[in-house]
There are 2 protein chains.
Amino acid sequence: MFSIGQLSKRTGVKIPTIRYYEQMGLIDEPERSEGNQRRYTKDGLSRLSFIRHSRDLGFSVEDIRGLLDLSQHPEKPCSDAHSIAARHLQDVQSRIAKLRRLERELKRITKCDAGNVATCAVIETLADHGLCETEH
Amino acid sequence: MFSIGQLSKRTGVKIPTIRYYEQMGLIDEPERSEGNQRRYTKDGLSRLSFIRHSRDLGFSVEDIRGLLDLSQHPEKPCSDAHSIAARHLQDVQSRIAKLRRLERELKRITKCDAGNVATCAVIETLADHGLCETEH
DNA sequence: TATAATTCCTCTAGCCACTAGAGCTTCAAG
DNA sequence: CTTGAAGCTCTAGTGGCTAGAGGAATTATA
Ligand SMILES: [Zn+2]
Ligand SMILES: [Zn+2]
Ligand SMILES: [Zn+2]
Ligand SMILES: [Zn+2]
């Protein structure tokens, strides 16, 4: 049996976050000590590790809810898990693409030789998207 | 003089967002009609366009506050603007790097040949970061 | 065993940058 | 002068936490 603090140390999930996950229904309400403190089992630990790792990989809490549900049903086909992961991958890729467009523009505007604001490329570009090279 | 709706159409900023920016102090409180409706000038329009473009480039509201301040003082050196932009560029780049690490892992785990959850690479990997190839 | 230090509890509120909706008032066209 | 669109304020919700207040329980030390 682990206290919430021990669970936190073992998983790297902060204590208030564990309680938040409980509130969101990602983890079951654990047993309590006589004094009403949370006591976790190994199952609770591995479930939280699953959540932690999924969050680290950028899955939303909603996605994780679905993935956890699936993981409780080993006999089910895994196509649902794949579609969640594939959708997330697409999302990550489109975010990368967007950030790369930003990176390009930001690199460009920070090449400014002016000394003061009046003719600064940064300020001028912000005032006028027409000065940008790409859409973003 | 523009109504808030006209300003919204011209800048692409939604009406509630314009009011939000006013509340945040990014734009001055505009004059009002006799019936208390907001009336904007061309200055208001260009200030909002500046904000819109800066947001599109990913600057935070706090950064924009600083950039707007600078843009009102053309005689100032533009080094402050540059450091805001450079810091933001760094931030964008580190987000790209992080997303690329995620992309790599997600691509890997979605190559799963199993048919059901019991042996699915997606679910197994989420349960155990040790199965990942990289840190992320 | 008494006390002190640490950990835990619940509850509320704050973060960012909006977005939605309720219930009301004003404006502009015909 | 009526009507319908557009505006007003205010509150609350989004996601994923995080911080703090004020108190109770647990653990370690003397
Ligand atoms: Zn400059
Ligand atoms: Zn632009
Ligand atoms: Zn699979
Ligand atoms: Zn991993």
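It should be noted that the structure appears before, not after, this text.
Source: prediction; values computed, not measured.

> Would you explain the packing of aromatic side chains in this entry?
For any two aromatic rings, the description comes down to two numbers: the centre-to-centre distance and the angle of the planes. All names here are of chain A. One pass over the full model with this rule turns up two aromatic pairs over all chains. With a centroid separation of 5.9 Å and an interplanar angle of 50°, the aromatic rings of Tyr20 and Tyr21 are classed as tilted. Among the residues examined, Tyr21 registers a relative accessible area of 8% and is labelled buried.

> Would you mind going over the interface of chain B and chain A with me for this structure?
One frequent convention defines the size of an interface as the accessible area lost when the parts assemble. Residue-level contacts link 51 residues of chain B with 51 residues of chain A. Where chain B abuts chain A, roughly 4,200 Å² becomes buried across the two surfaces, and 77% of that area is made up of carbon and sulfur atoms. Our count for the contact surface shared by chain B and chain A stands at zero salt bridges. Taken together, chain B and chain A are joined by 18 residue pairs in polar contact (both at pLDDT 80 or more). Taken together, the elements giving at least two residues each to the side of chain B that touches chain A come down to α3 (42–56), α4 (61–71), α5 (79–109) and α6 (121–127) of chain B. The element contributing the most residues to the side of chain B that touches chain A is α5(B), with 17 residues. Classifying every residue of the side of chain B that touches chain A by side-chain character gives 27 nonpolar, 15 polar and nine charged.

> Which parts of the structure should I look at to understand the protein's contact with DNA strand C?
The full set close to DNA strand C counts 22 residues, and A:Ser3, A:Gly5, A:Arg19, B:Tyr21 and B:Arg55 are the nearest of them. Close to the protein, within 4 Å, the atoms of DNA strand C belong to sugar or phosphate groups at a rate of 87%. Taking B:Thr17, its side chain carries an N or O atom lying 3.3 Å from a phosphate oxygen of DNA strand C. A distance of 2.7 Å separates a phosphate oxygen of DNA strand C from a polar side-chain atom of B:Tyr21. Residue assignment for the surface near DNA strand C shows that the elements contributing at least two residues are α1 (4–11) and α2 (15–23) of chain A together with α2 (15–23) of chain B. Ranked by the residues each element gives to the surface near DNA strand C, the list is headed by α2(B), at four residues. In the surface near DNA strand C, the residues fall into six nonpolar, nine polar and seven charged.

The rules behind each value
Residues numbered from 1 in each chain as written. Chains lettered and ligands numbered in written order. Predicted model: local features only at pLDDT ≥ 70, side-chain atom pairs only at ≥ 80, totals over all residues. Heavy atoms only, no water. Phe/Tyr/Trp six-rings, centres within 6.5 Å; stacked < 30°, edge-to-face > 60°. Buried < 20%, exposed > 50% of the residue type's maximum accessible area, 1.4 Å probe, protein only. Contact = heavy atoms within 4.5 Å. Buried area = accessible area lost by both parts, 1.4 Å probe. Salt bridge = Lys/Arg side-chain N within 4 Å of Asp/Glu carboxyl O. Polar contact = N/O pair within 3.5 Å; in protein donor to acceptor, adjacent residues only side chain to side chain. Helix = DSSP H or I, 4+ residues; strand = E, 2+ residues; numbered from the N terminus. Nonpolar A, V, L, I, M, F, W, Y, C, P; charged D, E, K, R; others polar. Near = heavy atom within 4 Å.

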